[in-house]
Amino acid sequence: MEGLTEAPSNIPIEIPEKKQDGSISDIEIKKHGLEDFADKFVNKLNNSDIYSLLSGLYEKRIQNIKPSQLLSTYKRDRTLGASEVDAEKLLGLVNNFVEQLKGRYKFVELSPLMPIGGSSVLNKINPSTILQTIKGTEVVADASIILALEAARMRSESVDRKDLTNVGLATSMREVRLQRFAEPHFSSHYSSFTIATSGRDTGRFNFEKVQVKNHIEYWLDCLRGLKDSSYDIKEISVNISDIGLIDLLTQSGVLNRDELLERIRQPSSLLFKEKGINIPDRPTSLSDFHPDSSMESLNKNFAVLKRFEKDELSVLREKFPDVKFAFNLSRIGGMGYFNSLCFKIKAKNMAGEEIGLVDGGCSDWTQKLLSNSKERFIGSGIGSEVLVNKF
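Residues numbered from 1 in each chain as written. Predicted model: local features only at pLDDT ≥ 70, side-chain atom pairs only at ≥ 80, totals over all residues. Heavy atoms only, no water.

### A short note on the overall build of the protein chain
Selection rule: Note on conventions: DSSP H or I runs of at least 4 residues are helices, E runs of at least 2 residues are strands, and numbering of each starts at the N terminus. Here the term buried applies to any residue with accessible area under 20% of the maximum for its type, exposed to any over 50%, and partly exposed to those in between, with areas from a 1.4 Å probe on protein chains only. In this analysis, two residues are considered to be in contact whenever any of their non-hydrogen atoms come within 4.5 Å of each other. Using a 1.4 Å probe, the Shrake-Rupley method yields the accessible areas, and only the shown protein chains count as cover for residues.
On a plain count of helices and strands, the protein chain comes out with 14 helices and 10 strands. Buried residues in the protein chain amount to 47% of all 391 residues. Sequence-distant contacts, at least 24 apart, represent 72% of the contacts inside the protein chain between residues at least 6 apart. Accessible surface, the protein chain: about 20,300 Å² in total, of which carbon and sulfur atoms supply 52%.

### With respect to the packing of aromatic side chains
This is how the line gets drawn: Here is the rule: rings of Phe, Tyr and Trp (six-membered ring for Trp) pair when centre to centre is within 6.5 Å. Planes less than 30 degrees apart are stacked, more than 60 are edge-to-face, and the remainder are tilted.
Scanning all chains against the criterion turns up 11 aromatic pairs. Between the aromatic rings of Phe97 and Trp219, the centroid separation amounts to 5.7 Å while the plane-to-plane angle is 85°, which identifies the pairing as edge-to-face. Highlighted residues: Phe97 in helix α5 (residues 87-101) and Trp219 in helix α8 (residues 206-227), separated in sequence by 122 residues. For the residue pair Phe97 and Trp219, the accessibility class agrees, reading buried in each case. Through a chain of ring-to-ring contacts, three or more aromatic side chains come together here, namely Phe97, Tyr105, Phe107, Phe193, Tyr218 and Trp219.

### Examining the sheet that holds strand β7 (residues 324-327)
The line we're drawing: Pairing between strands requires that DSSP locate at least two bridges from one strand to the other. A fitted line through C-alpha atoms serves as each axis, taken over the contacting stretch for helices, and the angle formed by two N-to-C directions is quoted from 0 to 180°.
Spatially, the 8 strands line up as an open sheet ordered β1-β4-β5-β10-β9-β8-β6-β7, and their pairing is mixed. Single-partner strands in this sheet number two, and they are β1 (106-107) and β7. Relative to strand β5 (residues 189-200), strand β4 (residues 167-176) is paired through 10 bridges, and the arrangement is antiparallel. By the bridge assignment for β5, Ser172 is matched with Phe193. Contacts from helix α7 (residues 143-156) reach β4, β5 and β10 (375-383), with the element oriented near 145° to β4.

### Remarks on the pairing of β4
Burial runs high along β4: 9 of the 10 residues are buried. For β1 and β4, the ladder comprises 2 bridges, and the chain directions are parallel. Bridging from a neighbouring strand, Lys106 pairs with Leu169 of β4.

### Focus: helix α12 (residues 299-319)
Rules: Expected span, for any helix, means 1.5 Å times one less than how many residues it has.
A rise of 1.5 Å per residue sets the reference length of α12, with its 21 residues, at 30 Å; its end C-alpha atoms lie 29 Å apart and thus fit the reference within 8%. All of the buried residues in α12 are Asn301, Phe302, Val304, Leu305, Arg307, Phe308, Glu309, Glu312, Leu313 and Leu316. Buried positions along α12 lie against α8, β6 (234-242), α9 (243-251), β7 and β8 (341-348).

Structure below.
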């Protein structure tokens, strides 16, 4: 998939589609002789016309559906039906997350729909994996995006467009993806809990540094609280990255983007070491690292990471001495999704499996939505059902 190469932990990794000549829709359009209709649909009809047309057609189609067919479809369609998760335990987990929100993020209940194209325009998710509706909307596949939309709406209605007051939001919702997943136990609909912060650039990456720290602190507070209850959460680790390093090395030709996309399934590989790049892949500290003259273009990124370690990471290390903090400088998961600082939180369960729980970081979505380069956005989420089922 172009753009997003690894979804946040609240979204299962998908199985890549096999390449073929022409999209499935193009093939079907040509097969049924609908080229003229398709041109009008894409280029000439507005959303209101499309809705009127399709709703009328579906009204006729619905008249021929029998009750027995409803049950058959309900049993067959993987986007329908009940989740296998322990619903009572899931509700208790969400309540735990909500308790930790107080004074930090506002809990909001959002529509399960957003404008059509939201996932693909902002996030470059393949549209064929998104469930669109006939009304020009789509079912939410990533709660971070709809939180960005809500935050942008709130920011746009601010009296002072230079308002430095941050918008902190959180939501719990079921997300739907249409692709088939590599993990057989994953459903096409799953529960996630997501937090987001939107605000204005305050200079020297201070907004990004402070808010990434705040997000990590929130999730570690949540996991610490769960460890004291019925959840067996062991060996929590936090990896800090700057996806901008990979972007710059790709733009300069040091790394090949297509090759990186092929490596996405090898998260344990040491990319820089294998490529002979004089950057440590996973250092515990950057205080003694000084990039050589050949990496002058990366100086700004390393300066931000070092300030983050000095100002923010030191606070987290003191508050959570039992958590293993490190940097993952060669992280490639999240290219096209995050644009600078990002993080991943993992933990081991009773069986000794290390599982990714939380993924988060900075994205440029509110900059695009508000056409303002000074806007900043950070989102992070957890796959609630993964935590319930695995821990």
